[in-house]
Amino acid sequence: MISIWRIAAGRGQTTVRIGVLALQGDFSEHLAMVAELGWRGVPVKEAADLVGLDGLVLPGGESTAQCLLLEASGLRCPITEELRDGLPALGTCAGLIMLSRTVIGGREDQWSFGVLDVAVRRNGFGRQVRSFEANLVVEGLVEVMRAVFIRAPVITEVGDKVEVLASVPYRFPDGTQVQVPVVVAEGSLVASSFHPELAGDPRLHELAFGRSVGRSIADIVSTLDEREERYVGSFQMGDDQTQEGRSG
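Residues numbered from 1 in each chain as written. Predicted model: local features only at pLDDT ≥ 70, side-chain atom pairs only at ≥ 80, totals over all residues. Heavy atoms only, no water.

Enquirer: If you had to explain the overall build of the chain to someone new, which residues and values would you point to?
Expert: Regarding its fold elements, the chain presents seven helices and 12 strands. By sequence separation, contacts in the chain at least 24 residues apart represent 68% of the contacts at least 6 residues apart. Surface summary for the chain: the accessible area is close to 10,500 Å², and the carbon and sulfur share equals 48%. (Helix = DSSP H or I, 4+ residues; strand = E, 2+ residues; numbered from the N terminus. Contact = heavy atoms within 4.5 Å. Areas by Shrake-Rupley, 256 points an atom, 1.4 Å probe, with all protein chains shown as cover.)

Enquirer: Lay out the nonpolar core in plain terms, naming residues and giving numbers.
Expert: Membership of the largest hydrophobic core comes to 35 residues, with the highest contact counts inside it found for Phe125, Leu136, Phe149, Val182 and Phe194. Taken together, the elements giving at least two residues each to this core come down to strand S1 (17-21), helix H2 (27-36), strand S7 (132-136), strand S8 (145-149), strand S10 (163-171), strand S11 (177-186) and helix H6 (203-211). Within the second largest apolar cluster, 29 residues are counted, among which are Leu58, Ile79, Leu83 and Leu96. (Core = buried A, V, L, I, M, F, W, Y, C linked by side-chain atoms within 4.5 Å. Buried < 20%, exposed > 50% of the residue type's maximum accessible area, 1.4 Å probe, protein only.)

Enquirer: Give me the lowdown on the packing of aromatic side chains, citing residues and values where you can.
Expert: Applying the stated criterion across every chain, the model contains four aromatic pairs. On the basis of an interplanar angle of 5° and a centroid distance of 4.4 Å, the ring pair of Phe132 and Phe149 is categorised as stacked. Remark: Phe149 occurs in strand S8 and Phe132 occurs in strand S7; sequence separation between them is 17 residues. Relative accessible area serves as the criterion here: at 17%, Phe132 is assigned to the buried category. Centre to centre, the rings of Phe149 and Phe194 are 5.4 Å apart; their planes meet at 55°, and the pair counts as tilted. Taken together, the residues span a long stretch of sequence, with Phe149 in strand S8 and Phe194 in the loop between strand S12 (189-192) and H6 at a distance of 45 residues. Here the two residues Phe149 and Phe194 agree in accessibility, since each one is buried. (Phe/Tyr/Trp six-rings, centres within 6.5 Å; stacked < 30°, edge-to-face > 60°.)

Enquirer: Kindly report on helix H4 (residues 76-84), identifying the contributing residues and their values.
Expert: Among the residues of H4, those classed as buried are Ile79, Thr80 and Leu83. Relative to the axis of H4, the buried residues are bounded by an arc of 105° and lie together on one face. Across H4 from its buried face, at more than 90 degrees, point the exposed residues Cys77 and Glu81. Check the buried side of H4 and you find it contacts S1, strand S3 (55-58), helix H3 (63-73), strand S4 (89-92), helix H5 (94-99) and S12. Just downstream of H4 lies Gly86, where phi reads positive at about 100°. (Arc of directions from axis to C-beta.)

Enquirer: Talk me through the side chain of Glu197; I want residue IDs and the actual numbers.
Expert: With respect to the helices and strands, the residue Glu197 is situated in the loop between S12 and H6. Accessibility expressed as a relative area gives 4% for Glu197, which makes it buried. Not counting residues within four places of it along the chain, the set of residues in contact with Glu197 comprises Asp26, Glu29, His30, Met33 and Thr92.

Enquirer: Pulling in residues and values, what's your account of the pairing of S12?
Expert: The two faces of S12 match: Leu189 and Ala191 on one face and Val190 and Ser192 on the other face are all buried. Pairing of S4 with S12 involves four bridges; the strand directions are parallel. Residue Gly91 lies in a different strand from S12, and its bridge partner there is Ala191. With four bridges joining them, S11 and S12 adopt antiparallel strand pairing. (Pairing = 2+ DSSP bridges.)

And the structure:
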């Protein structure tokens, strides 16, 4: 079975190289997660930064602003090509929106890469005052993951080939309560509605990029076990974290 470590070595590298789109949003927190895993984080600001990557993180932030910046930087087409060619990617919050095939509630000029077969509604969990935290059971992780939802997108539809790795019960303003998918995977892509980087927990990153190069959940769990106790329950979210500007 091919692992991410063998792919990196096959490219003449000794370290996994994970790019993080660094135009807007929580890219610095994601770079810290990549470093925590012992990988090399590469801030992606132009097309040349995509060369030789083993994976790409699309961070949380403002999806509409990221659309404009991706076009202005000339990154829209190169990233589209890389994703369609199978570059492993993790999208969180706004990154989920950017990967999805259908965006509901966006501006007329908003676009997405359209490579993940889900439909999402921007700010579907509500505005800033409805930001919340939840303990999630994520397939492939032994212990729960603390998830931070800030103006988060809601996944409203999933395609037949999309795996739902975690869901959360949620009561919407109209009183309806349903189980909502919040971590999904399809092929080389993994995406979440929440911000794993704000909890300082890199396990979703490790799970995402391990899965995307052909390792099964069972293969990855053994490498995650030693991280479980360290990160579970270690994060407390204060009022200063719910700032305007963090959004899906």
